[in-house]
Amino acid sequence: MANLPGAIKGLYPETLSPEQLEKLRGFKIQTRITNEKYLRTHKEVALLISGFFREMFLKRPDDIQEFAADYFTDPRLPNKIHMQLIKEKKAA
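Rules used throughout
Residues numbered from 1 in each chain as written. Predicted model: local features only at pLDDT ≥ 70, side-chain atom pairs only at ≥ 80, totals over all residues. Heavy atoms only, no water. Helix = DSSP H or I, 4+ residues; strand = E, 2+ residues; numbered from the N terminus. Buried < 20%, exposed > 50% of the residue type's maximum accessible area, 1.4 Å probe, protein only. Contact = heavy atoms within 4.5 Å. Patch = residues over 30% accessible without salt bridge, like charges linked within 9 Å, V, L, I, M, F, W, Y side chains within 5 Å. Areas by Shrake-Rupley, 256 points an atom, 1.4 Å probe, with all protein chains shown as cover. Salt bridge = Lys/Arg side-chain N within 4 Å of Asp/Glu carboxyl O. Lys, Arg positive; Asp, Glu negative; His and termini not counted. Charge placed at Lys NZ, Arg CZ, Asp CG, Glu CD. Phe/Tyr/Trp six-rings, centres within 6.5 Å; stacked < 30°, edge-to-face > 60°. Expected span 1.5 Å × (residues − 1).

1. With respect to the overall build of the protein
What the protein contains, in helices and strands, is four helices and zero strands. Its helices and strands in sequence order give the protein the pattern α-α-α-α, from N to C terminus. Classification of the 92 residues of the protein by burial places 14% in the buried group. For the protein, the share of sequence-separated contacts (at least 6 apart) that also reach a separation of at least 24 residues comes to 31%.

This is the structure in structure tokens:
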């Protein structure tokens, strides 16, 4: 691909230099590691997501966005997650 006059270098992977590609690769790896550590530390994230999917598949709502808004704004949700975390700790 030819470089266009005035184009910003780096918008397309094929325009990155080998050094930039290596930095990008390192950044992606570090981001994945950081995200994995965060998820392992915050078990409630997995509980929130799995609970949402479980309810969604059971109820199969026509309007997913409305269902998601209702699910994640349910005032009982924090207590449900807290109780599940306690249950998991007791089982461990």
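2. Observations regarding unusual backbone geometry
In this structure, Arg60 takes a positive phi of about 45 degrees despite not being glycine. Checked against the element boundaries, Arg60 lands in the loop between α2 (43-59) and α3 (64-72).

3. Examining a negative patch on the surface
On the surface, Asp62, Asp63, Glu66 and Asp70 cluster together into a patch of negative charge. The residue Asp62 is located in the loop between α2 and α3 in this model.

4. Some points on the packing of aromatic side chains
Under the counting rule described, the total for this entry stands at seven aromatic pairs. An aromatic cluster is built from Phe52, Phe53, Phe57, Phe67, Tyr71 and Phe72, whose rings are joined through pairwise contacts.

5. Let's talk about the pattern of salt bridges
Per the stated rule, a full pass over the model turns up five salt bridges. Between Glu55 and Lys59 there is a salt bridge whose closest N-O contact spans 3.3 Å. In this pair, Glu55 and Lys59 are both assigned in helix α2, four residues apart and thus about one turn of the helix distant. On the basis of relative accessible area, Glu55 is assigned to the partly exposed category, the value being 22%. When its relative accessible area of 55% is taken as the criterion, Lys59 is described as exposed. Its salt-bridge partner being Asp74, residue Arg76 comes within 3.0 Å of it at the nearest N-O pair. The exposure class assigned to Asp74 is buried, which follows from its relative accessible area of 15%. A single network of salt bridges, built from pairs that share partners, joins Asp74, Arg76 and Lys80.

6. Some details on a nonpolar patch on the surface
Residues Leu21, Leu24 and Phe27 make up a contiguous nonpolar surface patch of about 270 Å² in total accessible area. Mapping Leu24 onto the fold places it in helix α1 (residues 18-41).

7. Concerning α2
Taking 1.5 Å of rise per residue, the 17 residues of α2 would be expected to cover 24 Å, and the 24 Å separating its terminal C-alpha atoms lies within 8% of that figure. Residues of α2 that are buried make contact with α3 and α4 (77-91). Following α2 by one or two positions, Arg60 adopts a phi angle in the positive range, close to 45 degrees.

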